[in-house]
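# A structural walkthrough
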Amino acid sequence: MKVCRRVNFNAAHRLYRPDWSDEKNNEVFGKCNNPNFHGHNYVMEVWVEGKVDSETGYVIDLKILKQIINDHIVNEFDHKNLNLDCEEFESLIPTAENIIAVSWKKLRNALDPKYRLKLKLWETENNIFEYSGE
Ligand code: NI
């Protein structure tokens with residue numbers, strides 16, 4: 001059985017490599033290399049798969065899942081500049097691919113290992129990412 005909690009966070013980022021020239025950064029990252037950053041309204045779905053507990057009728061108490069997501073994702077990333085405010089992205093480009101992988105690791109560490117975990121991340125309405133650990 002799979003259950004999902006959906007959350008939103010707003011964050012700014014810039015895609016660039018300090019070890020590349022301006023020309024190369026512009027060529028690869030285009031507008032996402034804007035030196036003054038730009039923002040997205042990210043939407044994340046956290047899918048947890050496990051057995052239904054016979055006593056509670058729950059796979060996982062969604063109140064508890066909500067708290068875990070708030071502690072590890074929303075409070076970390078919401079209204080932040082990912083490049084400047086989040087140590088995870090000090091030397092990692094905050095692409096959606098890297099944001100979802102970092103988020104997955106954080107939640108994986110916080111969740112009981114008995115659950116399987118899959119994340120979906122919308123960076124825009126049309127750019128969607130999915131990650132389940134590989
Ligand atoms: Ni962007």
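Now for a description of the structure that goes with this document. On a predicted model such as this, the values are computed, not experimentally measured, just so you know. Here the residue numbering is sequential within each chain, running from 1 through the sequence in written order. Local features in a predicted model are, by the rule used here, given only for residues with pLDDT of at least 70; side-chain atom pairs are given and counted only at 80 or more, and totals for whole chains, interfaces and linings are based on all residues. Calculation of side-chain values draws on the structure's entire complement of heavy atoms; hydrogens and water are dropped beforehand.

Turning our attention to the sheet that holds strand β1 (residues 2-13). Strand order across the open sheet formed by five strands is β3-β1-β2-β4-β5, with mixed pairing between neighbours. Two strands lie at the open edges of the sheet, namely β3 (80-81) and β5 (128-131), each paired on one side alone. Only strands joined by at least two bridges in the DSSP assignment are considered to pair. For the purposes of this entry, the term helix denotes a DSSP run of H or I that reaches at least four residues, the term strand denotes a run of E that reaches at least two, and both are numbered from the N terminus. By the bridge criterion, four bridges tie strand β4 (residues 116-122) to β5 in an arrangement that is antiparallel. The residue bridging W122 from the neighbouring strand is I128, located in β5. Contacts are residue-level and defined by heavy atoms, with any inter-residue pair within 4.5 Å sufficient. Angles shown run from 0 to 180 degrees and are taken between the N-to-C directions of axes, each axis being a line fitted to C-alpha atoms and, for helices, limited to the stretch in contact. Most of the contacts of helix α2 (residues 62-77) go to β1, to which it runs at about 15 degrees, and overall it touches β1, β2 (38-49) and β3. Packing of helix α4 (residues 96-110) onto the sheet brings it into contact with β1, β2, β4 and β5, and relative to β4 it is tilted by some 150 degrees.

Turning next to the coordination of the nickel ion. For the nickel ion, the full set of protein donor atoms is H13 (NE2), H38 (NE2) and H40 (NE2), at a range of 2.0 to 2.1 Å. Buried, partly exposed and exposed residues are distinguished by accessible area as a fraction of the type maximum, computed with a 1.4 Å probe on protein chains only: under 20%, between the cut-offs, and over 50%, respectively. With a relative accessible area of 15%, H40 lands in the buried category. Sites may look incomplete because water is not among the atoms; the donors themselves are N, O and S atoms within 2.8 Å of the metal, or within 3.2 Å for Na, K and Ca.

For α4, spanning 15 residues, the distance from its first C-alpha to its last is 21 Å, which sits close to the expected 21 Å at 1.5 Å a residue. Where α4 is concerned, the buried positions are A96, I99, I100, A101, V102, S103, W104, K106 and L107. Contact partners of the buried residues in α4: β1, β2, α2, α3 (82-85), β4 and β5. Residue count minus one, scaled by 1.5 Å, sets the expected span of a helix.

This brings us to the side chain of N33. Locating N33 in the fold gives a position in the loop between α1 (22-29) and β2. When its relative accessible area of 6% is taken as the criterion, N33 is described as buried. Apart from the residues within four sequence positions on either side, N33 is in contact with R14, L15, Y16, D22, N25 and N26.

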